Amino acid sequence: MSSTLPAPAPQPTQASSSVTNDFSIQVATVNGSGSQTANLVLLRSIFQMGIPVSGKNLFPSNIAGLPTWYTIRANHRGYIARKKEIDFLVAMNPETAKDDVMSLEPGRAVVYDEPLKLDTLRSDLTFYPVPFDKIVAEVCSEAKLRRLVKNMIYDGILSELLSIDLAEMAKALTRQMGKKPKALALNLAALEGGKKYAAEHLTKRDPYRVAPLDKTAGQVLVEGNAAAAMGCLFAGVTVVAWYPITPSSSLPESLISYMRKYRMDKDTGKATFAIVQAEDEIASLGMVIGASWAGARAMTSTSGPGISLMSEFVGLAYYAEIPAVIFDIQRVGPSTGLPTRTAQGDVLFTALNSHGDTRHVLLLPGSAEECFDMSIDAFDLSEQLQTPVFVLSDLDLGMNNWMSKPFTYPEKPLQRGKVLDQEKLKTLEGWGRYKDVDGDGVPWRSVPGTGMPAFFTRGSGHNAMAQYSEKPDDYVSNLDRLAHKFDTARTMVPAPIVQQDAKASVGIIAYGSSHWAVEESRDQLREQSDLATSYLRLRAYPFTPEIDDFIRRHDRIYVVEQNRDAQMLSLLRMDSDPTLVVRLRSVLHYNGLPIDARSITDSILAQEKVG
Amino acid sequence: MSSTLPAPAPQPTQASSSVTNDFSIQVATVNGSGSQTANLVLLRSIFQMGIPVSGKNLFPSNIAGLPTWYTIRANHRGYIARKKEIDFLVAMNPETAKDDVMSLEPGRAVVYDEPLKLDTLRSDLTFYPVPFDKIVAEVCSEAKLRRLVKNMIYDGILSELLSIDLAEMAKALTRQMGKKPKALALNLAALEGGKKYAAEHLTKRDPYRVAPLDKTAGQVLVEGNAAAAMGCLFAGVTVVAWYPITPSSSLPESLISYMRKYRMDKDTGKATFAIVQAEDEIASLGMVIGASWAGARAMTSTSGPGISLMSEFVGLAYYAEIPAVIFDIQRVGPSTGLPTRTAQGDVLFTALNSHGDTRHVLLLPGSAEECFDMSIDAFDLSEQLQTPVFVLSDLDLGMNNWMSKPFTYPEKPLQRGKVLDQEKLKTLEGWGRYKDVDGDGVPWRSVPGTGMPAFFTRGSGHNAMAQYSEKPDDYVSNLDRLAHKFDTARTMVPAPIVQQDAKASVGIIAYGSSHWAVEESRDQLREQSDLATSYLRLRAYPFTPEIDDFIRRHDRIYVVEQNRDAQMLSLLRMDSDPTLVVRLRSVLHYNGLPIDARSITDSILAQEKVG
Amino acid sequence: MSADAPAPVKKTNRLNLDVSSYRGGKTTLCAGCGHNAISERIIDAFFEMGVDPKRVIKLSGIGCSSKSPAYFLNPSHGFNSVHGRMPSVATGAMLANQSLLAIGVSGDGDSGAIGIGQFVHSMRRNLPLIYIIEDNGCYGLTKGQFSPTADLGSKAKNGVVNDLPPIDMCALAVELGASFVARSFSGDKKQLLSILKAAIAHKGTSMIDVISPCVTFNDHEGSTKSYAYVKDHEEPLGEISFIPFFEDISVEYEPGTSTQVKMHDGSHLTLRKITEDYNPSDKITAMRLLHESLRRGEFATGVIYIEPDKDDFITTLNLVPEPLAFLPQDRVRPSKAVLEQLMDGLS
Amino acid sequence: MSADAPAPVKKTNRLNLDVSSYRGGKTTLCAGCGHNAISERIIDAFFEMGVDPKRVIKLSGIGCSSKSPAYFLNPSHGFNSVHGRMPSVATGAMLANQSLLAIGVSGDGDSGAIGIGQFVHSMRRNLPLIYIIEDNGCYGLTKGQFSPTADLGSKAKNGVVNDLPPIDMCALAVELGASFVARSFSGDKKQLLSILKAAIAHKGTSMIDVISPCVTFNDHEGSTKSYAYVKDHEEPLGEISFIPFFEDISVEYEPGTSTQVKMHDGSHLTLRKITEDYNPSDKITAMRLLHESLRRGEFATGVIYIEPDKDDFITTLNLVPEPLAFLPQDRVRPSKAVLEQLMDGLS
Ligand SMILES: Cc1ncc(C[n+]2csc(CCOP(=O)(O)OP(=O)(O)O)c2C)c(N)n1
Ligand SMILES: Cc1ncc(C[n+]2csc(CCOP(=O)(O)OP(=O)(O)O)c2C)c(N)n1
Ligand code: SF4
Ligand code: SF4
Ligand SMILES: [Mg+2]
Ligand SMILES: [Mg+2]
């Protein structure tokens, strides 16, 4: 978080001769063309030079042949949210080249494939034509390999134009292709070929450049889904059931590779885990529920459509009080919507999921680091509370590369919750599966195979002894206990993170991947409109008391989120002190792209004007 | 509604020698014992005598052998909500007889099966022992028929004790068994046998009696599900796909019998409808969506668990803008909960159903008559708005017998909405499936097989011309139009019904089957605590402006509903003018039994005291 | 005309439409994807059969395969529904309007995994529907995970090995009562075309499992769904040719060496036998064929089972001949008298 | 001891437990319901096999049938899950703790309609699970609607006629790879008991379709699921007897007239043949038998297919022998060094 960053330096303006370490690069290609390596090398090399950087992949919902944009942002202040404006364009895709160029602000720069003749389009941009095919032919004899190598050439070009250390690029490339010497050599040649061409034929005429910094030392670059998978690995998950869906798949798939590497029994070579690709999401959650019921740490991962299908089972788990960890890597709705666009659109649906009276615990990671930590929290909370826990990530957080502090090893042992054993059984006079013996609404559970007393698991048709009952009073007391248990959850979930500005009458509430844009927007508001703001970042549902306190301390609260229906604001309206509701306002972003600071700033300023 | 009833008369008190036309009867039996006929005869005969009456069946979730209670309430003022206290008990079930007797208030009366010796239990009740087996043996020679006939005997007993005209009972019996002369004769004999026994052996010692009235003339007795099925019949439904579930099944099953009777083509004897019992709820809604897409009026009916499973398809229909009428006959959650207990627990889940940003139209019938009318509205609205419409009924409204005005024949022709045809096509320059040509957010749809231009139906990945698009702006404008369409819905849904009391500072908001208890509670509040109240009965979501106006006119608003989480109150908090939220309070009833007036009155008085 | 003399010779079909009226949008699938070849054959089949594209509806679930309806028959309404649920949507549409001709395209994941329930029940109902499974043994659109038709023991790019036996969608379809079950290969132009044409003429459900290599994720060595493998291991049931009812059948007639199946609409399907007597109208024979070729690691391709006269779902439901969707109000809203009768029954 | 000498003779089993430790709660099903008879047989089988009830888990979906696990084996944990999803819940539980013995009870609606997808995929996985379908051809708990196993043409109380052919759950199970498939009748004490005992000894999925008349809704004339009908039309494969490994098998041995199947745990299943050579280990034979008896309107009862040595799902997944659920922290949370290694890889 930028609160950990040095005091803000004035931002360079276009006017100034040079813009260092503060610009965005967009590479426009087609998917399946193998540009991924080139883009990652670009990203990593800047990162290795110590400049805070972020990369966002804007990809289509197919496998090959459609437009893809990869945007890299370098920023000395550590802003890693998406930047709305593109400063430096690499136009490789004939289909979109024209639009890509036309949408640029004046004064920006364009590297393009010479045959596209883009320079004729505008006179207020700096153009760098590059004969990619010619260069690639020189460095790569095998025709069929050229398509792939071609991309590495623009890395070489940018190395020269933006003064990105070629050595760093080579290093980044090596770490990716280390195992394939032939490919490595070829790509290195392409890199150099590109740089050489630029040095000989292109004269630098744009202000953008990178210069070494020391702002990334000790940091890592990681995707949220990989971070979450590591979290599950260290949470000691033993049963995983999942069904493929974008943008969730990379979580279980990373988990598979970690587990196969680190969770095979040393002596026997056998697996200390079971991972099942189920036939669908209903079966996935069913397996998780069965496994948790039998005492295992179990999880599934999906996206919105899967959550919809899981709804019935979620309700059963809530009422039967069975742990279940469910990752929802959010994308925009509905099922044949845009699976490759990001959103925070499942907040209400998960919090209130299933028919009947239900309320669920949500964890809201805002960074790769929290994807790791909260995965562990999710299993602990789910077992301690004996209820499903949703971890709400999203496509932006889950599938893009994020700069992060290295993750810290969990010191706290696994919290397995109230599992009945011989000693405990003795202390309880007359165990009952649904008896609230501790006054926290959380009963003691008996797990099959432990020799503890058996019971028959059902939904809400039971009394405190888990006997079948249709008695009105049994039903009411069970429902009231469940509500009480949810209040207990309130005391256990991660508290929000508050940045209080003493002189601020305006507060901002945000969560998840919106965090980074909010951080940046607050600086913009302060520096450009000198509007001081306090900031509360939600990290969980149910809401903790800090939230009402925060609202109380400010006249106007802007709830920033990435959906159309102001879903978190709605939850706040439902659950907050009614007298505070009038203070709540909304900043919404829902075009499928990751939220950016400028949009937030503009929206808040506009609403502040109206007053 | 009682607003159509005469001015309230003073309620007779226990003290007074006789309590006429104002008491409740409870028959306690086991299910599968064939008591249904006897209970309906009891209900109908009182109804035929002109006394407002209601019958509520409290049955277990199995087929035979478990306790069942049938409560009949006779009330000269037309109160037909459940009455909390039982005045007259018929104890036929050995298993529950003791509890049944112990739970009575002093001064009440008990008819019981002699061998049960219940009279020893309490001295403050009037007991009438009856040797059912002896009597039945006399009237019925065939031993194996006796079990069934036995029940008719208590009808005879009550005829004598409560002065229910035996002729009316005979009439009611005849209309049920007319087609089975042998059974009819047998049961008539049992009736008389019972009456004769009572006349000869029992001396009336309790105050309860019925006396002819004129308050039911022209009214009908009907179950909400049957009423809804008739609505669908007259709405011209052509495709029905369903999956059995209590308490919904009787809706499609009644519909099947109506359709087979009234919707077979005169000339060909073929069906003008297709009713499919699908493999599950997902398939049911899929079929409905496919049929609506192809231009048919299609519906499904289910309960909570089915709604959970339908969630993914509901989201698709919302985004692809396909009509679908979905009846949700609510029961308490979850799936293995209490399928035979009533609730209003799916309000939030249906209003916000599916992942991503969604909002759905809900219709909230509060009477059998509205079950009929709103079924027709549902099809009209769903086709006019091209979106799913939920009709939220519940077990109490759907499966119990309700007194109602006869239904009025729909004068308004079927509203099929904006279906593209040749003329319309000409007037539109360049038709686009998702173009908002009329400014109401509702586009024109082209139906296959009409020769109109084709388009490819998808979720949200499209532009106004229904072409595949991943462009951020296309996504936003589509979502904004859908939101705008929801505002159009606001202007079309049934308005709430308001009973304004000029001097009331307290308002009550309720909906659905809670209506009748609220009517009665308002009289209690006025007469017993002279607290004047206004009353707004919600009939649909989205909320119409009347609602905020109503809240504004009162200092305190009590939202009465049958769920734990104050679900409608939550929706009101989400959608109302924020300044009004502080006025909203909650009256909740969620023990699975139909709500009663006394509980509402007590809750409101308690909160009013606290102030 | 028979499949031996392919379409391009003719400029227009019996509706005087040329093939362009049967084409679709530009494919967004990978170059070389088997699914594209199948789209081409669908275009040819509907063109050669002279079907009015405005009568056709195209439905699908979700997947690369399910995208393909956008790439053929532009003049037809299309519906890209949700994952695994194409059958129910198709069922509803056909109930609403039986005069339509429905083609559903699905994938082995879409129909074999999440959609197997709807697959089973649609086969059972024998709905009028051409049900095509573009079978590549993997989940293409989600980047190559195994589907339920993946080969036991085959290895994915991430090194994961498939440890479950494949489901044979044809065997299931036969067992469940589909009245036309066939298997083909996206690369076998001639056979696939004849099968599609026969399917268009068939009255009930035609389930066609088309092996369709995923060149991006499942075209590797040892995958029985790879192009190379199928080319070597397919075991055609013999030559198939199809003669629409409106064409002269005598030319094709070769008694002795062939079984002729007379289709519902009067057209003929001819199976010229090369192997032992194969009777496509016997379930047990069909099952044995499928099990035995599976054991040999081969695919039996061709029309595996056919029951031309089985009642379809529309017939079973005894519907009026007109589309239910377009019945006028006076045929769907009973009279006031009916309501009064109902009310009397309740008063 | 063999099924011929029924349990009651013995007072206690090899665990010195008497039969009361295997009983359940009082049934709430209709008097005479076939499901109750099945519960009785389950009690006998587990008692006679001397299974520790604390090792057993009972799972079900929703339905009258799915209620029955509450009526046997009180000392065992039970799970009445949601409609049609018992297989996934059972799968999860067995993955969590492979030392458990799982018995899943379902209905023809629960498994044949809403649950057919999970049925198909659980058969495919060959999970260690005794999967019992209490098959009455209707939805009992919702008052008698037709299920997918209802007879074509049979008529419900409300006059509606079933117009779809029944699904044969046994045929599906065989096709999909279940390693033990049997059919019996709730009223056939001896056969059902032997089959259940063999299933307890079997290693993978034992799918047992038990015809179980619904006396309240589907016991009428002409229903092939009625008690009367099944009594007349069942076609036993021959006498079945089962000898647990811990009992002397010689007594039962009658070479020549019988096939012996050696079960995974060393016990023996004997099929004494009355009809033509029946080989329960050949899929095609099994399929033919099922199809042909269906045609004759008969039920072939007995063990229809068996493959005793097929790997079960636990083996396929190569799990450590200990229950995953109880692995200590040091075996499931890698060391700090591992995290550092992972972090280095990303920095
Ligand atoms: C409910 C749901 N779950 C998962 C997905 C993600 N998904 C999209 S396509 C697909 C599988 C496609 O495989 P297949 O049907 O074989 O089509 P192919 O791409 O191989 O042609 C999956 C799992 C989804 N869209 N919806
Ligand atoms: C999702 C869902 N849909 C529908 C139901 C209602 N329901 C309960 S049991 C049942 C069918 C039971 O039939 P079967 O499995 O054959 O059991 P049986 O009662 O015949 O033994 C149905 C449809 C439900 N509980 N959940
Ligand atoms: S990924 Fe495979 S299935 Fe998908 S389009 Fe490419 S080749 Fe075809
Ligand atoms: S209804 Fe049928 S299935 Fe259910 S308990 Fe009664 S007899 Fe058994
Ligand atoms: Mg596939
Ligand atoms: Mg059944």
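Since this is a predicted model, take the numbers as computed values, not measurements. (Residues numbered from 1 in each chain as written. Chains lettered and ligands numbered in written order. Predicted model: local features only at pLDDT ≥ 70, side-chain atom pairs only at ≥ 80, totals over all residues. Heavy atoms only, no water.)

A word on the side chain of threonine 301 of chain D
Residues and elements named next belong to chain D. Turning to its location among the elements, threonine 301 is positioned in strand β13 (residues 299–306). A polar contact is formed between the side chain of threonine 301 and the side chain of glutamine 191, at a distance of 3.0 Å. Those residues in contact with threonine 301, other than ones at most four positions away along the chain, are Arg183, Ser184, Gln191, Glu234, Glu235, Pro236 and Leu237. (Helix = DSSP H or I, 4+ residues; strand = E, 2+ residues; numbered from the N terminus. Polar contact = N/O pair within 3.5 Å; in protein donor to acceptor, adjacent residues only side chain to side chain. Contact = heavy atoms within 4.5 Å.)

Overview of the coordination of the magnesium ion (ligand 5)
By definition of the ideal shapes, a tetrahedral metal site with four donors has angles of 109.5 degrees and an octahedral site with six donors has angles of 90 or 180 degrees. Residue and element names in this part refer to chain C. For the magnesium ion (ligand 5), every protein donor is listed as Asp108 (OD), Asn136 (OD1) and Cys138 (O), and the spread of their distances is 2.0 to 2.2 Å. The sequence pattern describing where the donors of the magnesium ion (ligand 5) fall on their chain is D-x27-N-x1-C. Of this pair, aspartate 108 sits in helix α4 (residues 108–112) while cysteine 138 is found in strand β5 (residues 138–139), placing the two residues 30 residues apart along the sequence. Using a relative accessible area of 4% as the deciding quantity, one classes cysteine 138 as buried. (Donors = N, O, S within 2.8 Å, 3.2 Å for Na, K, Ca; no water. Buried < 20%, exposed > 50% of the residue type's maximum accessible area, 1.4 Å probe, protein only.)

Side note on the packing of aromatic side chains
All names here are of chain A. Applying the stated rule across the entire model yields 31 aromatic pairs over all chains. Ring centres of phenylalanine 372 and phenylalanine 407 lie 4.8 Å apart, and the angle between their planes is 20°; this geometry places the pair in the stacked category. Residue phenylalanine 372 is found in helix α12 (residues 368–385), and its partner phenylalanine 407 is found in the loop between β16 (401–404) and α14 (422–427); the two are separated by 35 residues along the sequence. Overall, phenylalanine 372 belongs to the buried group, its relative accessible area being 0%. Given the relative accessible area of 5%, phenylalanine 407 is considered buried. (Phe/Tyr/Trp six-rings, centres within 6.5 Å; stacked < 30°, edge-to-face > 60°.)

Thoughts on the coordination of the magnesium ion (ligand 6)
Residues and elements named next belong to chain D. Around the magnesium ion (ligand 6), the protein contributes the donor atoms Asp108 (OD), Asn136 (OD1) and Cys138 (O), at 2.1 to 2.2 Å from the metal centre. Sequence positions of the donors to the magnesium ion (ligand 6) reduce to the motif D-x27-N-x1-C. The class of asparagine 136 is buried, set by a relative accessible area of 5%.

A look at the packing of helix α7 (residues 224–234) of chain A against α12 of chain A
Residue and element names in this part refer to chain A. Orientation of α7 relative to α12, taken along the N-to-C sense of each, is 35°, at an axis distance of 7 Å. For the pair α7 and α12, the crossing hand works out as right-handed. Contacts between α7 and α12 involve Gly224, Ala227, Ala228, Met230, Gly231, Cys232 and Phe234 on the former and, on the latter, Ala368, Cys371, Phe372, Ser375, Ile376 and Phe379. Here the contact of α7 with α12 is composed, by residue class, of 10 nonpolar, three polar and no charged. (Axes fitted to C-alpha atoms, helices over the stretch in contact; angles between N-to-C directions. Left-handed = near helix turned anticlockwise from the far one by under 90°. Nonpolar A, V, L, I, M, F, W, Y, C, P; charged D, E, K, R; others polar.)

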